[in-house]
Amino acid sequence: MDPVISTRPLLAVAVAGLAALAILFLNKREKLRDAVSPIAAVAMFVIVVSMAPTVLAGGTVELRLFEVLPGIDFALRADALGMVFATVSSVLWIVAAVYSIGYMRHLHEHAQTRFFACFATSLAAAVGGAFAANLFTLVIFYEVLSLVTYPLVYHHEDEEGWRGSRKYLVYLMGASKSVLLAALALTYHIAGSLDFVTGGLLAGANASGTLLTVVYFCYLFGFAKAAVMPMHAWLPAAMVAPTPVSALLHAVAVVKMGVFCVLRVIFHVFGVSTVGELGLGVATAYLVSFTILMASVYALTRDDLKARLAYSTVSQLSYIVLGAVLVSPLAMVGGIIHIAAHAFSKITLFFCAGSIYCASGKRNISDMAGIGRRLPWTMGAFFVASLSMIGIPPTAGFVSKWYLAEGSVEAGQMAFLAVLLASSVLNAAYFLPVSYTAFFEAETKESQAPVREIPLVAIPLVATAILSVLMGIFPYYFLALADGVIR
C-alpha cells in the first residue's frame, strides 16, 4: 500500500506544542489556563486515532518536512509501532490533564503555569518520537523530552529536587551525548541513511559482526530512558517530582519513549533476523532478565510507595525489551502490547499514590494501615492495577504476560519463562501487601485524622483502572497493531 501523505502526524505534535504556548499566554487566567490541557489532549487523541484505519490496513501516514543532510530528513511517519505509543500517550494525556489540575490545585503547588506548559511540551515530544520516520528525527524528539521534563523533576526547587534532577539529566543527557551519538554516526557510516526500514536498515550491511554488536549496545545503553541496568538509577531519583510528573515519567511519555526507541532499533534498524544471527537477542535477554528480577527485589524492600512503584517500573520495562529480543512472533507481540498494558496500570498506581498523599500526606506503606476504608475508590483502583501488574485475568497485564510466556516457549527459551513466572511472584509479593495494609490492618490513633477522596483526583484513577480491565477483555486494537509490526 502506498503511503498516505498527510499533515496529521505534524498536527498531533503541533496541538500539544500550541497548548504549551497558550498555557504560558494565559498565566494570569488560571481557569482558562487549566482548561487548555484537557482540550488539547482530546484534540490530539482525535487526530491520532484518525490515522488508525490506514495503519491497521497495513499503510502508513507520512510527511517529510526538510532535508538535513544527504540521506537524512526531518520526517514524520505513523506506522503500526508508532501508533501503539501515540495512542497510549494521547489517551492517557486526557486523564493525566484532569488529574494534574486536581492534584496541583489541592496542594496549592507553585509554578503551575510552568508545570502545565512543560507537561504539554513533553507530550508533543513523545508523540513526535512516536511518529518519527528515522533515527535523526527520533533522537531530536528524545532529547527535547529529556530537556523539557527536567523542570518538572526539579519542580519543588529544594535540595532533594536538585539532587534528583541532576542525576536525571546526567544519566539521560550523558548517555545520549556519548554512546548514542556514536551509534548514530556509525549507523550513518555503514548504511548511508538513518531511515527506519522494514526488516532492518542494517540487515545485510557490509560491516563486521563485532562492529554491529558495538553499535547495538551503544543504542541499548544510549537510550537510557529504557532503564536497563545499570542505566536505571535516574528513575528512582526522579521520584522527587510531584506525582503527576511521576505518572508522566513512568506511564505516559519518558520511559515509554526509552523502550519504544529500543524496539525501533531492534525491528527497524537491525531487524530481528540480524539480532538473531549475531546472538544479540539471547545476550540482551539475559541482561534484561537480570534487570527484571533485581529491580523486583529492590521494590520489595522499599517502604516509600513511589519508590516501590519506581523500581517496579524498572522491572516492567524490561518485559518489553525481553519480548522483542526473543525474536519469537508471540513474544514480540507480548512485548509490544505490554507498552499499553503497563501504561494503563502503572499510571493508575501513581495516581493512587498521589491521591493518598493529597488526602492524608502519607508516603510510606507502613503508615497506610486502614486507609482503604477511608479512600475506597483509590485503594480499589490500586488493587485492580496491582492485579494487572501481577498478570491476573481479566486485566491488561495478563494478556501481555500470556503472550510473553507463550513466546518464551515458542522460542525454546524455558529459562526466560522461569524469569517471567518468578517476576510475577515477586510482583505479588510487593503489590498485594499494600492493599492488605490499606484494607485489613487496623488504623492507629495517629492515622485517624479526617481523610476523604478528592473528586478531580479520584475520577481519573478510576478511569485508568477501568482501562486496564477493558484492555484485558478487548485487546484487539493493540494486538492488531502489534501484528502489523511483526508482519
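Note that the structure is predicted; figures quoted are calculated from it, not measured.

**Q** Looking at this model, I keep getting lost on the pattern of salt bridges. Mind explaining?
**A** Pairs can form between side chains of opposite charge whenever their charged atoms are close. Enumeration according to the criterion identifies 5 salt bridges in this entry. Between Asp34 and Arg33 there is a salt bridge whose closest N-O contact spans 3.0 Å. Residue Asp34 shares its accessibility class with Arg33, and that shared class is buried. Between Arg105 and Asp34 there is a salt bridge; the shortest N-O distance is 3.1 Å. Placement of Arg105 in helix α4 (residues 80–106) and of Asp34 in helix α2 (residues 30–50) is noted, with a sequence separation of 71 residues between them.

**Q** I tried to follow the sheet that holds strand β2 (residues 61–69) on my own but got confused; where do I start?
**A** Strand pairing in a sheet takes place through backbone hydrogen bonds and is either antiparallel or parallel in direction. Read from one edge to the other, the open sheet built from 3 strands follows the order β1-β2-β3, with strand pairing classed as mixed. Each having just a single partner strand, β1 (4–5) and β3 (72–78) make up the two edges of the open sheet. Bridge count for β2 against β3 is 7 bridges, and the pairing is antiparallel. Residue Arg64 lies in a different strand from β3, and its bridge partner there is Ala75. Strands β2 and β3 of the sheet are contacted by helix α6 (residues 135–153), whose axis makes an angle of about 80° with β3.

**Q** For this particular structure, what's the right way to read the UniProt feature "domain: NADH-Ubiquinone oxidoreductase (complex I) chain 5 N-terminal" (unreviewed entry) in the protein chain?
**A** When the UniProt feature table is mapped onto this chain, "domain: NADH-Ubiquinone oxidoreductase (complex I) chain 5 N-terminal" (unreviewed entry) is found at residues 72–116. Within the segment residues 72–116, helix and strand shares are 71% and 16% respectively, and the terminal C-alpha atoms sit 33 Å apart.

Rules used throughout
- Numbers given to residues run from 1 along each chain, matching the order in which its sequence is written.
- For a predicted model such as this one, the threshold for reporting local features is a pLDDT of at least 70, and the threshold for listing and counting side-chain atom pairs is 80 or more; totals across whole chains, interfaces and linings nevertheless cover every residue.
- Remark: hydrogens and water are excluded; side-chain values derive from all non-hydrogen atoms of the structure.
- One speaks of a salt bridge when a side-chain nitrogen belonging to Lys or Arg is within 4 Å of a carboxyl oxygen belonging to Asp or Glu.
- Each residue is assigned to one of three classes by its accessible area relative to the maximum for its type, calculated with a 1.4 Å probe on protein chains only: buried under 20%, partly exposed between the two thresholds, exposed over 50%.
- Helix numbering and strand numbering both begin at the N terminus, where a helix is a DSSP run of H or I of at least 4 residues and a strand a DSSP run of E of at least 2.
- Pairing between strands is defined by DSSP: at least two bridges between the two strands are required.
- Whether two residues are in contact is decided by their heavy atoms: any pair within 4.5 Å suffices.
- Whenever a helix is involved, its axis is fitted only over the stretch in contact; in every case the axis is a line through C-alpha atoms, and angles between N-to-C directions fall within 0 to 180 degrees.
- UniProt positions are given in the numbering used here, feature names are shortened, and annotations may be inferred rather than shown by experiment.

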